[in-house]
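Here are the chains, one letter per residue:
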Number of protein chains: 2
Amino acid sequence: MNKKGKTYFFDSPPVIIGSAGVVGKKEGEGPLRSEFDAVFDNTDMGEDSYELAESAMLKDAIVRATQKAGVSLGDVDFIMTGDLLDQCVGSCFAIKDLNVPFVGMYGACSTMALTLCNSAMLIDAGASLCVAGASSHFASSERQFRYPLEYGSQRPPTAQWTVTGAGSAVVSRDGNGVNICAVHIGTVTDLGIKDANNMGAAMAPAAARTVSQMLDDTDTCPDDYDMILTGDLGYTGTELLHQLLRKDYNKNIKSKHNDCGLMIYNLKEQDVNSGGSGCGCSASVLCSYVLERLRTRELKRVMFVATGALMSPTSSKQGRSIPGIAHGVLLEAK
Amino acid sequence: MNKKGKTYFFDSPPVIIGSAGVVGKKEGEGPLRSEFDAVFDNTDMGEDSYELAESAMLKDAIVRATQKAGVSLGDVDFIMTGDLLDQCVGSCFAIKDLNVPFVGMYGACSTMALTLCNSAMLIDAGASLCVAGASSHFASSERQFRYPLEYGSQRPPTAQWTVTGAGSAVVSRDGNGVNICAVHIGTVTDLGIKDANNMGAAMAPAAARTVSQMLDDTDTCPDDYDMILTGDLGYTGTELLHQLLRKDYNKNIKSKHNDCGLMIYNLKEQDVNSGGSGCGCSASVLCSYVLERLRTRELKRVMFVATGALMSPTSSKQGRSIPGIAHGVLLEAK
């Protein structure tokens with residue numbers, strides 16, 4: 001790979017040869033209902049806990065993605081996934097019986113972009129087949145980050161709804177599918193936001209930085225893309241991203257921009273305040289709707305930038321800021 | 001890189017051109033006291049919380065490692081670190097002001113090996129300079145995984161003591177230092193151990209699998225090494241590793257094997273039961289004592305295999321097993 005600015009380009013672009021996005025009941029009632037590979041109305045997946053339900057959903061997405069790619073798990077060099085749960089147990093229990101070498105990754109809600117970036121780079125290093133993935137689950141996230149569900153606390157308008165869902169993509173050295181032309185590992189950006197009910201504001205500065213830098217590094221303008229897709233900024237974060245890009249970087253992406261957190265729900269009807277969030281948000285939308293349209297060439301070129309808020313309940317209770325990060329992937333139809 | 005079995009070999013081995021291991025007061029009172037780059041008697045590092053103290057220690061190790069390597073942080077392509085804290089905040093807050101692209105990784109106590117493996121592979125893909133690292137802190141770990149310190153609960157003999165420490169290594173495409181000749185990403189191995197006070201038993205099966213597979217893939221026997229070094233199996237896990245390797249793999253590594261968890265403390269005098277643990281255990285020992293001896297050619301060839309227990313307090317309370325993983329790095333003096 002070759003570096004220009006902070007972006008890495010591939011002479012032989014790694015190819016996403018299969019992907020799958022699966023979601024829970026609420027997400028299946030949103031505008032993308034017919035796009036997902038599976039909608040699980042029973043969001044506990046028949047498991048004993050929400051945490052295991054999340055793992056089961058991620059495992060399902062991984063298995064579907066490899067089946068769609070026509071590859072066997074035994075041929076996969078590395079699987080790399082991550083999630084929001086303490087010690088990444090969503091991932092650890094999802095992959096523990098798959099018998100594939102496991103690279104655990106953490107990028108909060110940016111994880112799908114992070115695992116795709118790392119997969120593409122490991123393919124460039126000589127691996128043949130990598131699997132990237134990420135997951136989140138509304139109930140396991142609520143248990144961990146916020147109040148017990150039974151408490152029924154009110155949410156401010158800036159709050160987002162954690163998506164119950166998972167996505168997985170199979171990245172290969174060659175084959176038919178969608179090219180990963182460039183990757184961009186984000187740099188932590190911390191403007192001092194401390195409100196854990198306003199993740200959009202915490203993540204927007206990192207998104208603006210990565211989008212702007214990738215446009216510069218690739219010598220492109222927003223009109224060169226069919227879509228500039230962020231992960232889960234939601235309504236509030238999207239507004240801030242547009243403002244920051246105009247003000248600090250003199251760029252306007254509004255006509256090309258969409259956000260997985262805005263796409264996955266009918267915001268008002270589904271009562272999700274500022275939109276969807278969680279690693280599973282961008283993972284499920286990218287690995288179904290977006291990659292499918294790139295495969296059919298309905299979309300030709302997409303910049304996918306997923307953002308993460310690098311906090312924990314402990315860091316928030318200790319009054320710390322919420323550092324943001326945004327990783328980017330440049331996707332092109334073959 | 002080229003694959004043989006499950007191990008990846010480099011035509012041009014990436015080089016560790018600098019490293020640093022730093023620890024807290026108790027670790028500075030152990031047998032390796034004169035080996036570390038810094039011993040912090042004040043283990044809160046002047047910070048407001050144990051979590052921030054851990055971050056400060058990791059940041060210190062990273063900065064020292066780059067200084068020893070003679071490189072500027074501005075020249076680093078990627079920094080990849082991980083830790084045991086929820087949502088990896090130890091790492092996130094350590095690197096947040098360094099202004100370097102950040103790859104968050106999670107491998108529990110195997111993290112130092114995982115970040116070294118990934119660094120070496122990204123160098124092989126075309127990056128020039130990567131920084132790998134990991135940390136743990138006794139007090140932040142106790143807060144999260146076990147009882148409040150004030151509770152003063154008794155520990156069983158199989159329990160281990162979380163190391164307060166951090167390590168970091170700078171990996172370069174070329175230069176003087178220690179060669180990374182091969183890397184091995186581990187596969188999760190779960191024999192159903194559920195006792196969170198016996199991590200050695202949970203991790204030993206993964207260690208045996210990785211050590212055996214690496215010996216096979218490299219066509220070597222234990223006598224070809226100056227040291228086969230595991231991360232933090234402690235006394236109990238070490239005994240089990242030797243047994244498993246003899247019984248299941250017909251291999252005897254006893255005369256060449258050591259374990260960072262056994263090296264870092266005087267087990268009996270320092271009242272640490274089965275030995276040291278935590279990401280900072282293998283990170284601080286490898287990045288000081290071991291890499292220094294490889295640099296001076298006192299050691300010529302070391303197989304470093306760090307193990308991780310992929311559990312969370314939630315998964316343990318829910319009665320789940322503790323899946324283990326072990327990542328390996330083959331190190332050679334230049």
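Up top you'll find the structure we're talking about.
Residues numbered from 1 in each chain as written. Chains lettered and ligands numbered in written order. Predicted model: local features only at pLDDT ≥ 70, side-chain atom pairs only at ≥ 80, totals over all residues. Heavy atoms only, no water.

**Student:** Explain the overall build of chain A to me, and be specific about the residues and the numbers.
**Tutor:** The helix and strand tally for chain A stands at ten helices and 15 strands. For chain A, whose C-alpha radius of gyration is 18 Å, the value lies close to the compact-globule estimate of 20 Å for 334 residues. With respect to the three principal axes, the spread of C-alpha positions in chain A is 50 × 50 × 35 Å. The buried share among the 334 residues of chain A stands at 67%. For chain A, the share of sequence-separated contacts (at least 6 apart) that also reach a separation of at least 24 residues comes to 78%. Considering chain A, the positive charge centre built from 30 side chains and the negative charge centre built from 38 side chains are found 5 Å apart. (Helix = DSSP H or I, 4+ residues; strand = E, 2+ residues; numbered from the N terminus. Rg over C-alpha atoms; globule rule 2.2 N^0.38 Å. Buried < 20%, exposed > 50% of the residue type's maximum accessible area, 1.4 Å probe, protein only. Contact = heavy atoms within 4.5 Å. Lys, Arg positive; Asp, Glu negative; His and termini not counted. Charge placed at Lys NZ, Arg CZ, Asp CG, Glu CD.)

**Student:** How would you sum up the side chain of Thr 111 of chain A? Please name residues and give values.
**Tutor:** As for its position among the elements, Thr 111 of chain A is in helix H4 (residues 111-125). Ignoring anything within four residues of it in the chain, the contact list for Thr 111 of chain A reads Thr 81, Gly 82, Tyr 106, Gly 133, Ala 134 and Cys 279 of chain A.

**Student:** Can you tell me about the nonpolar core, naming the residues and giving the values?
**Tutor:** Phe 78 and Leu 331 of chain A together with Phe 78 and Leu 331 of chain B are the most contacted members of the largest nonpolar core, which totals 248 residues. Look past the residues within four positions of Phe 78 of chain A in its chain and what remains in contact with it is Val 100, Pro 101, Val 103, Leu 122, Ala 127, Leu 129, Cys 130 and Val 131 of chain A together with Met 1, Tyr 8, Met 121 and Ile 185 of chain B. (Core = buried A, V, L, I, M, F, W, Y, C linked by side-chain atoms within 4.5 Å.)

**Student:** Lay out the relation of the copies chain A and chain B with the relevant residues and their values.
**Tutor:** Overlay of chain A on chain B (RMSD 0.0 Å): rotation 180°, translation along the axis 0.0 Å. The relationship between the two copies is best expressed as a two-fold rotation axis. By residue overlap, the copies meet face to face through one surface: 100% of the interface positions of chain A are interface positions in chain B. (Least-squares fit on C-alpha atoms with pLDDT ≥ 70 in both.)

**Student:** Lay out the interface of chain A and chain B in plain terms, naming residues and giving numbers.
**Tutor:** Frequently, the measure chosen for interface size is the accessible area that the parts lose on association. At the interface, 57 residues of chain A touch 57 residues of chain B. Summing the contributions of chain A and of chain B, the shared interface buries around 4,600 Å²; its carbon and sulfur component is 59%. Taken together, the links from chain A to chain B amount to six salt bridges. Measuring nitrogen to oxygen at the nearest pair gives 2.7 Å for the salt bridge that ties Asp 77 of chain B to Lys 3 of chain A. The interface formed by chain A and chain B contains 23 residue pairs in polar contact (both at pLDDT 80 or more). When residues of the side of chain A that touches chain B are traced back to their parent elements, those giving at least two are helix H2 (50-69), helix H3 (89-95), strand S6 (102-104), H4, helix H5 (138-145), helix H10 (313-317) and strand S15 (324-333) of chain A. (Buried area = accessible area lost by both parts, 1.4 Å probe. Salt bridge = Lys/Arg side-chain N within 4 Å of Asp/Glu carboxyl O. Polar contact = N/O pair within 3.5 Å; in protein donor to acceptor, adjacent residues only side chain to side chain.)

**Student:** Lay out the packing of helix H6 (residues 199-217) of chain B against helix H7 (residues 234-249) of chain B in plain terms, naming residues and giving numbers.
**Tutor:** All names here are of chain B. Interaxial distance between H6 and H7 falls to 8 Å at its minimum, and their mutual angle equals 45°. In terms of orientation, H6 and H7 fall into the oblique class. For the pair H6 and H7, the crossing hand works out as right-handed. Residues Gly 200, Ala 201, Ala 204, Pro 205, Ala 207, Ala 208, Arg 209, Val 211 and Ser 212 of H6 lie in contact with H7, whose contacting residues are Gly 237, Leu 240, Leu 241, Leu 244, Leu 245 and Tyr 249. Of the residues in the contact of H6 with H7, the class split is eleven nonpolar, three polar and one charged. (Axes fitted to C-alpha atoms, helices over the stretch in contact; angles between N-to-C directions. Parallel < 35°, antiparallel > 145°, perpendicular 65-115°, else oblique. Left-handed = near helix turned anticlockwise from the far one by under 90°. Nonpolar A, V, L, I, M, F, W, Y, C, P; charged D, E, K, R; others polar.)

**Student:** A description of the state of the cysteines should follow, citing residues and the corresponding values.
**Tutor:** When the sulfur atoms of two cysteines share a covalent bond, that bond is a disulfide. Residue and element names in this part refer to chain A. Using the criterion set out here, one finds zero disulfides over all chains in the structure. Here Cys 109 stays free of any disulfide, with the sulfur of Cys 279 as its closest cysteine sulfur at 5.0 Å. Of all cysteine sulfurs, the one in Cys 117 lies closest to Cys 181, which takes part in no disulfide; the gap is 13 Å. For Cys 181, a relative accessible area of 15% gives the class buried. (Disulfide = S-S within 2.5 Å.)

**Student:** Describe helix H2 (residues 50-69) of chain B, naming the residues involved and giving the relevant values.
**Tutor:** All names here are of chain B. With 20 residues, H2 extends 29 Å between its outermost C-alpha atoms, agreeing within 8% with the 28 Å of an ideal straight helix rising 1.5 Å per residue. Burial of H2 is extensive: 14 of the 20 residues sit out of reach of the surface. Positive backbone phi, at 70°, marks Gly 70, one or two positions downstream of H2. (Expected span 1.5 Å × (residues − 1).)

**Student:** I'd love a proper account of the packing of H4 of chain A against helix H4 (residues 111-125) of chain B, names of residues and values included.
**Tutor:** As a packed pair, H4 of chain A and H4 of chain B sit with axes 7 Å apart at the nearest point and diverge in direction by 65°. Crossing of H4 of chain A over H4 of chain B shows left-handed handedness. Residues Asn 118, Met 121, Leu 122, Asp 124 and Ala 125 of chain A of H4 of chain A pack against Asn 118, Met 121, Leu 122, Asp 124 and Ala 125 of chain B of H4 of chain B. For the contact of H4 of chain A with H4 of chain B, the per-class residue count stands at six nonpolar, two polar and two charged.

**Student:** Could you give an account of the side chain of Arg 320 of chain B, naming the residues involved and the relevant values?
**Tutor:** Looking at the secondary structure, you find Arg 320 of chain B in the loop between helix H10 (313-317) and strand S15 (324-333). Exposure remark for Arg 320 of chain B: the relative accessible area of 19% places this residue in the buried category. At a separation of 3.3 Å, a polar atom in the side chain of Arg 320 of chain B contacts the main-chain carbonyl oxygen of Gln 318 of chain B. Excluding residues within four positions of it along the chain, Arg 320 of chain B makes contact with Asp 48, Leu 52 and Phe 93 of chain A together with Lys 194 and Ser 315 of chain B.

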